[in-house]
Amino acid sequence: MQIQHIGVVGAGQMGSGIAQVCAQAGLTVTLVDVHQAALSRARDTIARSLARLVKKGALTQADADASQARIAYHDAPTELAHCQLVIEAATENWEIKAQLFARIASVVNEQTILASNTSSISLTRLAARVPAAHRVIGMHFMNPVPVMPLVEIIRARQTDDATFAAIRALSERLGKTPVSVNDAPGFVSNRVLMPMINEAIFCLHEGIASAGDIDAVMKLGMNHPIGPLALADLIGLDTCLAIMDVLYHELRDSKYRACPLLVQMVDAGQLGRKTAKGFYGYES
């Protein structure tokens, strides 16, 4: 299948990034979110991101304008009816994603590939919620999407070879490096990353070092480009907690228990960059 028209559901940080890279690759994009404010923020975010690429000389102004023109912004899922692929990029919550998949499946045809950008949730379980389960697959983009080259492609138990081949080819067309991963809690990226972030939070919780010093150890000693606590702020502490909870409940291993400090910060609404307060402050 030669995919040309893509739908993206969810106009947050990940959804807007996915829409941008697809539009830059010459694809027609329908970006859907039930909240007009989210669509407005996504439009502005994409415009700023493209402007930065133009300023760096990585993109011409004409290409930036053409990319923006390929994205249509809608609040009605029915606008996805003619898409060949729909990528769900909603909140990392099983109930929300299951309901969305069922809603999307009800407006597209059974040849439309249904992909999820989930960070940890079972694709096999999502596939079981829709007709023609063989067309369900995971496309886990990294944040920020326009910058990071990796896409984890996760096969549900039901995913067929044709769907996998189409998504692998599309990922390469987007300029990404696809890595094939079997369906398992957290896949590879978050099975490794989130326990490290959680352990860094435990170090802070237990008073072993300050947030800045913990991050400095990992940046200067382990050559990480960003420290784990700053990365958690970028990802969103609510997302980090949701992934840790999936790992804990699915694998039934206490080593995936979320740090109490992480739970408290999420309860307090201190979610990182998106709320201007997390392990660091972002008021400016």
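Residues numbered from 1 in each chain as written. Predicted model: local features only at pLDDT ≥ 70, side-chain atom pairs only at ≥ 80, totals over all residues. Heavy atoms only, no water.

- Going by what an unreviewed UniProt entry lists, the chain is known as 3-hydroxybutyryl-CoA dehydrogenase and is assigned to Rivihabitans pingtungensis.
- Taken from UniProt, the Sequence similarities (unreviewed entry) comment for the chain reads in full: "Belongs to the 3-hydroxyacyl-CoA dehydrogenase family." (UniProt positions renumbered as here; feature names shortened; annotations may be inferred.)

### Topic: the overall build of the chain
No. 1: Of the regular secondary structure elements, the chain holds 11 helices and eight strands.
No. 2: Overall, the C-alpha framework of the chain stretches about 55 × 45 × 30 Å when taken along its three principal axes.
No. 3: Looking at the chain residue by residue over its 284 residues, the buried ones come to 48%.
No. 4: Contacts in the chain between residues at least 24 apart in sequence constitute 68% of all its contacts with a sequence separation of at least 6.
No. 5: Here the chain has roughly 13,200 Å² of accessible surface; of this, 53% comes from carbon and sulfur atoms. (Helix = DSSP H or I, 4+ residues; strand = E, 2+ residues; numbered from the N terminus. Buried < 20%, exposed > 50% of the residue type's maximum accessible area, 1.4 Å probe, protein only. Contact = heavy atoms within 4.5 Å. Areas by Shrake-Rupley, 256 points an atom, 1.4 Å probe, with all protein chains shown as cover.)

### Focus on the packing of helix α8 (residues 211-222) against helix α9 (residues 228-235)
No. 1: Contact geometry of α8 with α9 gives a least axis separation of 7 Å together with a crossing angle of 105°. Compared by their axis directions, α8 and α9 come out roughly perpendicular. Contact with α8, carried on its side by Ala211, Ile214, Asp215 and Met218, involves Pro228, Leu229 and Ala230 of α9 and no other residues of that element.
No. 2: In the contact of α8 with α9, the residues fall into six nonpolar, no polar and one charged. (Axes fitted to C-alpha atoms, helices over the stretch in contact; angles between N-to-C directions. Parallel < 35°, antiparallel > 145°, perpendicular 65-115°, else oblique. Nonpolar A, V, L, I, M, F, W, Y, C, P; charged D, E, K, R; others polar.)

### Some remarks on unusual backbone geometry
No. 1: At the junction of Asn143 and Pro144, the peptide bond is cis and its omega measures out at 0° in the coordinates.
No. 2: Assignment of secondary structure puts Pro144 in the loop between β6 (136-141) and β7 (150-155).
No. 3: The phi torsion at Ala276 lies on the positive side, around 70°, for a residue other than glycine.
No. 4: Mapped onto the secondary structure, Ala276 falls in the segment after α11 (260-267).
No. 5: Judged by relative accessible area, Ala276 falls into the partly exposed class, the value being 22%.

### Brief notes about the sheet that holds strand β1 (residues 5-9)
No. 1: Spatial ordering of the open sheet is given by β3-β2-β1-β4-β5-β6-β7-β8, a layout of eight strands whose pairing is mixed. The strands lining the two open edges of the sheet, one partner per strand, are β3 (71-74) and β8 (177-182). Mean inter-strand twist for the sheet, computed between neighbouring axes without regard to direction, equals 25°. (Pairing = 2+ DSSP bridges.)

### What to know about the nonpolar core
No. 1: Ranked by size, the top nonpolar core spans 38 residues in total, and within it Ile6, Leu31, Leu85, Met139 and Phe141 carry the most contacts.
No. 2: Per element, the largest residue contribution to this core is six residues, and it comes from helix α1 (residues 13-24).
No. 3: Setting aside residues no more than four positions away along its own chain, Leu31 makes contact with Val8, Gly10, Ala11, Gly15, Ala19, Leu39, Ala42, Ile71, Ala72, Tyr73 and His74. (Core = buried A, V, L, I, M, F, W, Y, C linked by side-chain atoms within 4.5 Å.)

### Points about the packing of α9 against helix α10 (residues 237-251)
No. 1: Taken N-terminus to C-terminus, the directions of α9 and α10 make an angle of 100°; their axes are 6 Å apart at the nearest point. By the angle class used here, α9 and α10 are roughly perpendicular. Residue-level inspection shows Ala232, Asp233 and Ile235 of α9 in contact with α10, the latter providing Leu237, Thr239 and Cys240.
No. 2: Taken together, the residues that form the contact of α9 with α10 break down as four nonpolar, one polar and one charged.

### Considering the domain arrangement of the chain
No. 1: Here the chain is described as being made up of domain 1 (5-182) and domain 2 (190-274).
No. 2: Placing a centre on the C-alpha atoms of domain 1 and another on those of domain 2 gives a separation of 26 Å.
No. 3: Contact with domain 1, which involves eight residues of that partner, is made by seven residues of domain 2.
No. 4: When domain 1 packs against domain 2, the two sides together hide about 630 Å² of surface, and 52% of this comes from carbon and sulfur.
No. 5: Inspection of the region where domain 1 meets domain 2 yields one salt bridge. (Domains from an automatic or database assignment. Buried area = accessible area lost by both parts, 1.4 Å probe. Salt bridge = Lys/Arg side-chain N within 4 Å of Asp/Glu carboxyl O.)

### Details of the UniProt feature "domain: 3-hydroxyacyl-CoA dehydrogenase C-terminal" (unreviewed entry) in the chain
No. 1: According to UniProt, the positions carrying the feature "domain: 3-hydroxyacyl-CoA dehydrogenase C-terminal" (unreviewed entry) are residues 186-282.
No. 2: Taken as a whole, residues 186-282 contains 62% helix and 0% strand, while its terminal C-alpha atoms sit 28 Å from one another.

### What to know about the environment of Ala90
No. 1: Secondary-structure assignment places Ala90 in the loop between β4 (85-88) and α4 (94-107).
No. 2: Not counting residues up to four positions away in its chain, the partners in contact with Ala90 are Val9, Ile96, Lys97 and Leu100.

### Quick look at the side chain of Ser120
No. 1: Relative to the helices and strands, Ser120 resides in the loop between β5 (113-116) and α5 (123-127).
No. 2: Among all residues touching Ser120, those that are not within four sequence positions of it are Glu92, Ala184, Pro185, Gly186, Phe187, Ile243 and Val246.

### Considering the UniProt feature "binding site: CoA" (unreviewed entry) in the chain
No. 1: The positions that UniProt labels "binding site: CoA" (unreviewed entry) are, in the present scheme, Ser49, Lys56 and Ser119. Spanning 71 residues, the named residues do not form one spatial group; their C-alpha atoms are separated by as much as 30.5 Å.
No. 2: Inspection of the secondary structure assignment puts Lys56 in helix α2 (residues 36-56).
No. 3: Judged by its relative accessible area of 69%, Lys56 falls in the exposed class.
No. 4: The residue Ser119 is located in the loop between β5 and α5 in this model.
No. 5: Excluding its chain neighbours within four sequence positions, the residues that come into contact with Ser119 are Glu92, His140, Gly186, Phe187, Asn190 and Ile243.

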